[in-house]
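# A structural walkthrough
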There are 2 protein chains.
Amino acid sequence: MEMDLNAQVKKAGFLQRLKEFPSKLKDGVTKRIKNVQKFGKDDPRRIIHSLKVGLSLTLVSMLYYVRPLYNSFGVSGMWAILTVVVVSEFTVGGTLSKGLNRGFATLIAGALGVGAVHLARFCGDKGEPIVLGIFVFSLGAAATFSRFFPRIKQRYDYGALIFILTFSMVAVSGYRTDEILVMAYQRLSTILIGGTICILVSIFVFPVWAGEDLHKMIANNIIKLANSLEGFEGEYFPSSEKTSKETNSCVQQYKSILTSKSTEDTLANLARWEPGHGRFRLRHPWTKYLKIAGLVRQCAFHLEILNGYVLSDVKIPQDFISKIQEPCSIMSREACEALKAIAKSIKTMKRDSVCVNAYIENSKNAIQNLRIALKTSSPETEKDLLEIIPGVTMASILIEIVNYVEKISEAVEEFTGLAHFKETPDPKVSPELGQHQLLHRGSVKPVLEGDSEEENNSSPHVVINVHDEQPPTTSEKKVSGVQKTRVGVV
Amino acid sequence: MEMDLNAQVKKAGFLQRLKEFPSKLKDGVTKRIKNVQKFGKDDPRRIIHSLKVGLSLTLVSMLYYVRPLYNSFGVSGMWAILTVVVVSEFTVGGTLSKGLNRGFATLIAGALGVGAVHLARFCGDKGEPIVLGIFVFSLGAAATFSRFFPRIKQRYDYGALIFILTFSMVAVSGYRTDEILVMAYQRLSTILIGGTICILVSIFVFPVWAGEDLHKMIANNIIKLANSLEGFEGEYFPSSEKTSKETNSCVQQYKSILTSKSTEDTLANLARWEPGHGRFRLRHPWTKYLKIAGLVRQCAFHLEILNGYVLSDVKIPQDFISKIQEPCSIMSREACEALKAIAKSIKTMKRDSVCVNAYIENSKNAIQNLRIALKTSSPETEKDLLEIIPGVTMASILIEIVNYVEKISEAVEEFTGLAHFKETPDPKVSPELGQHQLLHRGSVKPVLEGDSEEENNSSPHVVINVHDEQPPTTSEKKVSGVQKTRVGVV
């Protein structure tokens, strides 16, 4: 009876599931389609690239469909199809690199292969396959070994592969056919046709330039740093009106920079194959981007450590926080603004060092204020020192971050010279404004000049004076100040 | 006259250079050859791989050289050569992944291609190329788009490429030939022959397993961390007899871990294609390595920050250094030993948690001692706090590193269970020794239990007692202690 009930329940469940199956299937398929649509919308260049590959394939099929073309190339036309499929890369640099590698490697290996076959024919019927075998083995092994060398791997890996391929094919099939020259010629010409179609489609139909991608990536990484720093400030010194969750998503933005090195290296490598395009000349200093990217990553490492303090539950005494809050806030805010200005200068390809330097100067002054604040907040009891350790560490890492922002700014400054960035459009206004800003916001400097990094003998009353002279940097002031600067500079 | 003299000088210089040319050329060539030799010696598997590719090529050439084989395959034999060249990867996983992708993609695309040609023939002479063109365009574009999806890109990228290739070739050449089934069959069978040769050579002739490489890489990265930590200790608290230069080279070892993520991901991805081999079963938890690697990298980030302090010129007052020196030394030394024990446990695939836990326990006790030391060294003057900030930060990051070492140990502990690591061979001896060690070296613990992480109310005399109870951990003692443990555990 119980068994019966069980079976009935099972049967009912099965029927229920059977009923639900069509709607579930429909839901699943709609979800999938939506995912695919979203994926395409995220970067529409993916869809365009796919259509471009389809276009190249259709164009190259003409070698078969059009009778006169088929008469001259015959079945060799498939090498053109093969070339189109393997050479079509997402970026122009990738397509050029593969296409040129394939073309030159086929040319050299084809010539060597024909030579090897002629040489082997001197050795008689029995000797020919042996000599050819030795050639194929030794050149194949040597070319494979060469692919391990970093320099060759980086730029000519595909060329070495195609070299082995073509040489083996020409040398081995040369044993069975007498029309080896015809074969080598047909292979080379069809590869050239396929490669040319790919390169033309890649350059002239909605091109994706690796160089431009690299340029944007570096600028975006700097913006991510800025956002993380801003988010950190909001998280650690919650004075703004943002919700905690919103800020935290900003804090995490730097994470992708930690492991972006391989992408940057690849893009820089491909960019070197590209001709001048848009705002970039032929000999644009692509490798310099990697130097900036390295400094940005160093900065991200520091943010990663800082983030550990945000997430940890260690409580810092409120009175200590309130003492270091102002200089720390200013430091991170001004460093963040400096990073944003640097990113903007890269994006617009216009020099903007006055504005950037003003922000950095402000954050450096804030470091001095922080030192003073730390000095006045010397722990009274033994217990205190232990409690303020996380705060001190956090401040110390923040100082390092400001130093790295300065290094990034110097590297970008050097880079802008090499890359021929334009000067700011209205040089008359901006230096004045910059100087004004320096005087206005950095007026603490003369007082602090006596305050060397290692030792300080100034008396407390100077400190109080300094605090009086420093204008209160509230967020409203910041916004208006920044807007002023931007009006002058852009 | 002067002109004449100039010309004479130039001529003499030219002759001199001409004379030197042969010796310079010889030097240059010898240098190159030595470089290549050194490169091969650094990893002899590179030479072996090159010879393996040569071997596979020679084997596959037999399709041409041996008359009966040539009679059955004809010129299609070149597909086998092509397959050998592109499928031969350094690791077994790479070869299997490419070979299987190529095989299955050819099978599916070939079948679809034959179907498309038959379908197109219904549309009449004029309609056939148009229908075929639409098929090639749409399937080519769709397959290209699918390659952007991370999941497909990671495992089936090459398969998608070969799918486009084979489908286009079969569909397009089907327009001109009636023997399309023969062509598809020959292509598939020769690709299977080439792929099989590659896979067999890759597995049975000095195989290079991606999984084993990943396993060793993780263990080596942990050792690099340990060496860096050891080098840092020697650099920052120079008590040992090592020269500064020697230590510094050790400190930098962690650098390669910072950007090793892409290599680890690739290896883990390839390892999943490999059958069980050596000490690894078929379903070895390869993805777990990435979790450990992530924690190791986090630890390396902290070392990067720590390294900034080693390189900086900021001087910390000697009396403060001497106060934190002992606990910091013990912390880094014990953490370093724990890392070495973890690495050894991974390398030998034997569980060794007792020994690792003892080291971690010691370093955690040292953290407590450091807290006490910091408490007793509360700065007397305001000036002091500023000066000891770098020292406090350094100690704080060191504490974080010890925490990460514990996390690594936990992750490895979880991993050893999943990967069926062997228990230590003599479990009777080691737990005793471990406990003995805990009692002997960690005897401070009961006193410190009252010393919670946030607040501490114990009076100074307890602190002195603790210092008395803690045995002096000199380097000689350490060595003997470690050797003892190792004798018991291994």
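Residues numbered from 1 in each chain as written. Chains lettered and ligands numbered in written order. Predicted model: local features only at pLDDT ≥ 70, side-chain atom pairs only at ≥ 80, totals over all residues. Heavy atoms only, no water.

Right, let's talk about the overall build of chain A for a bit. Secondary structure summary: chain A contains 20 helices and zero strands in total. Residues counted as buried form 52% of the 490 residues belonging to chain A. (Helix = DSSP H or I, 4+ residues; strand = E, 2+ residues; numbered from the N terminus. Buried < 20%, exposed > 50% of the residue type's maximum accessible area, 1.4 Å probe, protein only.)

Examined against the element boundaries, Glu304 of chain B turns out to sit in helix α13 (residues 286-311). Judged by relative accessible area, which is 7%, Glu304 of chain B ranks as buried. Dropping the residues within four chain positions of it, Glu304 of chain B is found in contact with Gln298 and Phe301 of chain A together with Tyr254, Lys255 and Leu258 of chain B. (Contact = heavy atoms within 4.5 Å.)

This next bit is on the confidence of the model for chain A. Residues and elements named next belong to chain A. The predicted model of chain A has a mean per-residue pLDDT of 80, with 81% of residues at 70 or higher. When the elements of chain A are averaged for pLDDT, helix α20 (residues 475-489) gives the smallest value, 32, and helix α5 (residues 92-121) the largest, 93. In the model, residues 426-490 has pLDDT below 50 throughout and makes 71 contacts with residues more than four positions away in sequence or in other chains. The ipTM assigned to the predicted complex is 0.79, against a pTM of 0.79. (pLDDT = per-residue confidence, 0-100.)

Between chain B and chain A, which share one sequence, the superposing operator has a rotation angle of 180 degrees and an axial displacement of 0.0 Å; the RMSD is 0.1 Å. The superposition operator between the copies reduces to a two-fold rotation axis. Identified as the residue of chain B closest to the rotation axis by C-alpha distance is Thr393 of chain B, at 2.4 Å. Residue by residue, 99% of the interface of chain B is reproduced at the interface of chain A, so both copies engage with the same surface. (Least-squares fit on C-alpha atoms with pLDDT ≥ 70 in both.)

Applying the stated criterion to the full structure yields 32 salt bridges over all chains. The salt bridge involving Arg333 of chain A is made with Glu233 of chain A; its shortest N-O contact spans 3.4 Å. Taken together, the positions of Arg333 of chain A in helix α14 (residues 318-348) and Glu233 of chain A in helix α9 (residues 210-236) put the pair 100 residues apart, joining distant regions of the chain. Each member of the pair, Arg333 of chain A as well as Glu233 of chain A, carries the same accessibility label: buried. Residues Asp157 of chain B and Arg147 of chain B are paired through a salt bridge, measuring 3.0 Å at the closest nitrogen-oxygen approach. Of this pair, Asp157 of chain B sits in helix α7 (residues 150-173) while Arg147 of chain B sits in the loop between α6 (124-146) and α7, placing them ten residues apart in sequence. (Salt bridge = Lys/Arg side-chain N within 4 Å of Asp/Glu carboxyl O.)

With that settled, consider the packing of aromatic side chains. Tallied over the entire structure, the rule returns 27 aromatic pairs over all chains. Note on Phe39 of chain A and Phe145 of chain B: the rings are 6.1 Å apart at their centroids and 70 degrees apart in plane angle, and the pair reads as edge-to-face. In this pair, Phe39 of chain A sits in helix α1 (residues 2-42) while Phe145 of chain B sits in helix α6, so the two residues belong to two different chains. For the pair shown, Phe39 of chain A and Phe145 of chain B are each scored as buried. Ring centres of Tyr65 of chain A and Tyr175 of chain B lie 5.3 Å apart, and the angle between their planes is 85 degrees; this geometry places the pair in the edge-to-face category. Pair noted here: Tyr65 of chain A is in helix α2 (residues 45-65) and Tyr175 of chain B is in the loop between α7 and α8 (180-204), and the two residues belong to different chains. (Phe/Tyr/Trp six-rings, centres within 6.5 Å; stacked < 30°, edge-to-face > 60°.)

The next thing to look at is the interface of chain B and chain A. Interface size, as often reported, equals the accessible area lost upon joining of the parts. Tallying the contact residues gives 76 residues for chain B and 76 residues for chain A. Taken together, both faces of the contact between chain B and chain A bury some 7500 Å²; the carbon and sulfur share is 76%. Counting the surface chain B buries against chain A, the share from its top three residues, Tyr65, Phe148 and Arg176 of chain B, is 10%. Viewed at the interface, chain A and chain B are joined by zero salt bridges. Taken together, chain B and chain A are joined by ten residue pairs in polar contact (both at pLDDT 80 or more). (Buried area = accessible area lost by both parts, 1.4 Å probe. Polar contact = N/O pair within 3.5 Å; in protein donor to acceptor, adjacent residues only side chain to side chain.)

Turning to the UniProt feature "transmembrane region" (unreviewed entry) in chain A, a few remarks are in order. All names here are of chain A. Per the UniProt entry, the sites bearing "transmembrane region" (unreviewed entry) are residues 72-92, 104-124, 130-149, 156-176 and 188-210 in this numbering. Along residues 130-149 one finds 85% helix and 0% strand; the C-alpha atoms at either end are 30 Å apart. Secondary structure across residues 188-210 divides into 78% helix and 0% strand, with the first and last C-alpha atoms of the span separated by 28 Å. (UniProt positions renumbered as here; feature names shortened; annotations may be inferred.)

Quick look at unusual backbone geometry now. Residue and element names in this part refer to chain A. For Met349, which is not glycine, the phi torsion reads 55 degrees and is therefore positive. Considering the arrangement of structural elements, one finds Met349 in the loop between α14 and α15 (353-376). Classification of Met349 as buried rests on a relative accessible area of 8%. Non-glycine residue His420 carries a positive phi angle of around 55 degrees. Within the secondary structure, His420 is located in the loop between α16 (382-418) and α17 (429-441).

To continue, consider helix α4 (residues 77-87) of chain B. Counting buried positions over the eleven residues of α4 of chain B gives eleven, a clear majority of the element. Among all positions of α4 of chain B, only Gly77, Met78, Trp79, Ala80, Ile81, Leu82, Thr83, Val84, Val85, Val86 and Val87 of chain B are buried.

Glancing now at the environment of Gln318 of chain A. Residue and element names in this part refer to chain A. By secondary structure assignment, the location of Gln318 is in helix α14. The exposed category is assigned to Gln318, whose relative accessible area is 58%. Residues Gln318 and Cys123, 195 residues apart in the sequence, show an inter-C-alpha distance of 91 Å.

Counting 154 residues, the largest nonpolar core has Ile222, Leu225 and Ile408 of chain A together with Ile222, Leu225 and Ile408 of chain B as the members making the most contacts within it. Once residues within four sequence positions are removed from consideration, Ile222 of chain B is found in contact with Ile292, Val296, Leu339, Ile342, Ala343, Ile346 and Ile408 of chain B. Formed by 86 residues, the second largest nonpolar core is a distinct cluster that contains Val87, Val114 and Val201 of chain A together with Ile164 of chain B. (Core = buried A, V, L, I, M, F, W, Y, C linked by side-chain atoms within 4.5 Å.)

Time to look at the packing of helix α5 (residues 92-121) of chain B against α6 of chain B. Residues and elements named next belong to chain B. Running from N to C, α5 and α6 cross one another at 145 degrees; their axes reach a closest spacing of 8 Å. The hand of the α5/α6 crossing is right-handed. For the pair α5 and α6, the contacting residues are Ala116, Val117, Leu119, Ala120 and Arg121 in the first and Gly124, Glu128, Val131, Leu132 and Phe135 in the second. (Axes fitted to C-alpha atoms, helices over the stretch in contact; angles between N-to-C directions. Left-handed = near helix turned anticlockwise from the far one by under 90°.)

Two elements in contact, helix α7 (residues 150-173) of chain A and helix α2 (residues 45-65) of chain B, have axes whose closest approach is 10 Å; the angle formed by their N-to-C orientations is 35 degrees. Where α7 of chain A crosses over α2 of chain B, the two elements pack in a sense that is right-handed. Mapping the contact onto sequence places Ile164, Ser168, Val172 and Ser173 of chain A in α7 of chain A and Leu57, Ser61, Tyr64 and Tyr65 of chain B in α2 of chain B. Its residues assigned to classes, the contact of α7 of chain A with α2 of chain B comprises five nonpolar, three polar and no charged. (Nonpolar A, V, L, I, M, F, W, Y, C, P; charged D, E, K, R; others polar.)

Residue and element names in this part refer to chain A. Mapping Asn365 onto the fold places it in helix α15. Residue classification places Asn365 among the buried positions, given a relative accessible area of 5%. Along the sequence, Asn365 and Leu18 sit 347 residues apart, while their C-alpha atoms lie 71 Å from each other.

On to the environment of Phe421 of chain B, then. All names here are of chain B. Checked against the element boundaries, Phe421 lands in the loop between α16 (382-418) and α17 (429-441). Residue Phe421 is classed as buried on the basis of its relative accessible area of 6%. Considered as a pair, Phe421 and Glu230 are 191 residues apart in the sequence and their alpha carbons are 28 Å apart. The residues touching Phe421, leaving out its near neighbours within four places in the chain, are His215, Ser345, Ile346, Met349, Lys350, Arg351, Phe415 and Thr416.

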